[in-house]
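The lines below spell out each chain.
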Amino acid sequence: MSAHNEETPILIEDELADEESGEAVALEAGADAAGQRLDQWLAARLGPELSRSRVQALIKQGAVSIAGKPVLETKRKLIAGERIEILVPAPEPAEPQGEDIPLDILYEDDELIVINKPAGLVVHPGAGNWTGTLVNALIHHCGDSLSGIGGVKRPGIVHRLDKETSGVMVVAKTDRAHKALSEAFADHGRTGDLERAYLALVWGIPQRPTGTIDAHLGRAADRVRRAVVPEGRDDARHAVTHFSVVERFGEDQQAFATASLVECRLETGRTHQIRVHMAHIGHPVVGDPDYGQAFRTKANRLPEPLRTKVKAFPRQALHAWLLEFEHPTTHVTMRFEAPIPGDMEELVGDFRKL
């Protein structure tokens, strides 16, 4: 019986452990492993470098063997003394190609990268945007420092910003960081250090200086946008946004339309959440083409040149100014801020003159 215990994986230095095929690891099941599921036990032994879902995928691919024979059943129960070998393939080339797109990098290390995303940049390749995305830019920038997310050399997107929303984003460069950050964002900071804050220029002035919008979101009638929907609907997802009024514009006059600069903090992270929630309470984001259309005529109630500037503003005036999270390996709380971009700052400055 091997002298190695189950806490110490044995790296097999043979023809399998090369750059093209990856590395092979051998483990011995101790007495306390008896009766445990193969996928659970391997994930515990090989984590955090390999997530449980990644281990399950490798098992199904025939990359895990017991006594020299591939095991394809993730729930297979272990027997004390068994020798388990797992071949971890080298990450495959990413499907998206790297592109030399400038990035505003706020921080970077071996595990993650934090950027200030400009408005107009799509986060991930998709229909109509297969190139020119943040993912293409990160693949080019990170190069070989991407160790592979789910077995593919690509950055790990753990949260997104809409194309026309600017601000702070964190992206994982390793499976380990991707797993930890994904869990943190899924938990929305309830049990850990995660804080996200946005600044939105919205129409009107909320009656209260602070408030909470607790309204389920689902697909709108056009199946593309989101909408507030009844809690019991099949696609309903719980969504909570906390807001506070930072500045009021035009409050002391009645000739022109009013507006506010509002800070929004997310308790959940649904698609278009802030935009839908603010529109739901009658204060849509200025410039929002999807959820602020009914308020476009408000621009007609503004003095020149502000009226023309608002009508020409090409996006929703929404910016992710703050992101705070716990680093997945050092466990240090990290805080990043991004100033309001020039186009939105200029618009806010013009509203201050009301």
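Residues numbered from 1 in each chain as written. Predicted model: local features only at pLDDT ≥ 70, side-chain atom pairs only at ≥ 80, totals over all residues. Heavy atoms only, no water.

What exactly am I supposed to notice about the packing of aromatic side chains here?
Two aromatic rings are characterised by how far apart their centres lie and by the angle between their planes. Under the criterion given, the structure shown has four aromatic pairs. Here Phe249 and Phe351 contribute two aromatic rings whose centre-to-centre distance is 6.2 Å and whose plane-to-plane angle is 40°, an arrangement assigned as tilted. With Phe249 in strand S14 (residues 240-249) and Phe351 in helix H7 (residues 342-351), this pair connects stretches of sequence that are 102 residues apart. The residues Phe249 and Phe351 share a single accessibility class, namely buried. Seen from their ring centres, Phe325 and Phe336 are 5.9 Å apart, and the 25° between their planes marks the pair as stacked. Residue Phe325 is located in strand S16 (residues 318-326), and its partner Phe336 is located in strand S17 (residues 333-337); the two are separated by eleven residues in the primary sequence. For the pair Phe325 and Phe336, one class covers both residues: buried. (Phe/Tyr/Trp six-rings, centres within 6.5 Å; stacked < 30°, edge-to-face > 60°. Helix = DSSP H or I, 4+ residues; strand = E, 2+ residues; numbered from the N terminus. Buried < 20%, exposed > 50% of the residue type's maximum accessible area, 1.4 Å probe, protein only.)

Explain the packing of helix H1 (residues 38-46) against helix H2 (residues 52-60) to me, please; I cannot follow it from the model alone.
Between H1 and H2, the shortest axis-to-axis distance is 9 Å and the interhelical angle comes to 125°. The orientation of H1 relative to H2 falls into the category oblique. Remark: the crossing between H1 and H2 carries right-handed chirality. Residues Leu38, Asp39, Gln40, Leu42 and Ala43 of H1 pack against Arg52, Val55, Gln56 and Ile59 of H2. Residue composition of the contact of H1 with H2, by class: five nonpolar, two polar and two charged. (Axes fitted to C-alpha atoms, helices over the stretch in contact; angles between N-to-C directions. Parallel < 35°, antiparallel > 145°, perpendicular 65-115°, else oblique. Left-handed = near helix turned anticlockwise from the far one by under 90°. Contact = heavy atoms within 4.5 Å. Nonpolar A, V, L, I, M, F, W, Y, C, P; charged D, E, K, R; others polar.)

Would you mind showing me how to read unusual backbone geometry here?
Of all residues except glycine, most have a negative phi; of all peptide bonds, most are trans. In this structure, the amide linkage connecting Glu304 to the following residue, Pro305, adopts the cis form with an omega of 5°. Relative to the helices and strands, Pro305 is located in the loop between helix H5 (273-280) and helix H6 (306-312). Of note in this structure, His272 is not a glycine but carries a positive phi near 60°. Mapping His272 onto the fold places it in the loop between strand S15 (259-266) and H5. Residue classification places His272 among the buried residues on the basis of a relative accessible area of 19%. Although it is not a glycine, His331 adopts a positive phi angle of roughly 60°. By the secondary structure assignment, His331 is in the loop between S16 and S17.

Got a minute to help me understand the pattern of salt bridges in this structure?
Pairing of side chains with opposite charge becomes possible as their charged atoms draw close. Enumeration according to the criterion identifies 22 salt bridges in this entry. Here Glu82 ties to Arg76 by a salt bridge, and the two come within 2.7 Å at their closest N and O atoms. On the basis of relative accessibility, which here comes to 24%, the residue Arg76 falls in the partly exposed class. For Lys353, the salt bridge is made with Asp350, and the minimal N-O distance between the two is 3.5 Å. Note on Lys353: relative accessible area 67%, which makes it exposed. (Salt bridge = Lys/Arg side-chain N within 4 Å of Asp/Glu carboxyl O.)

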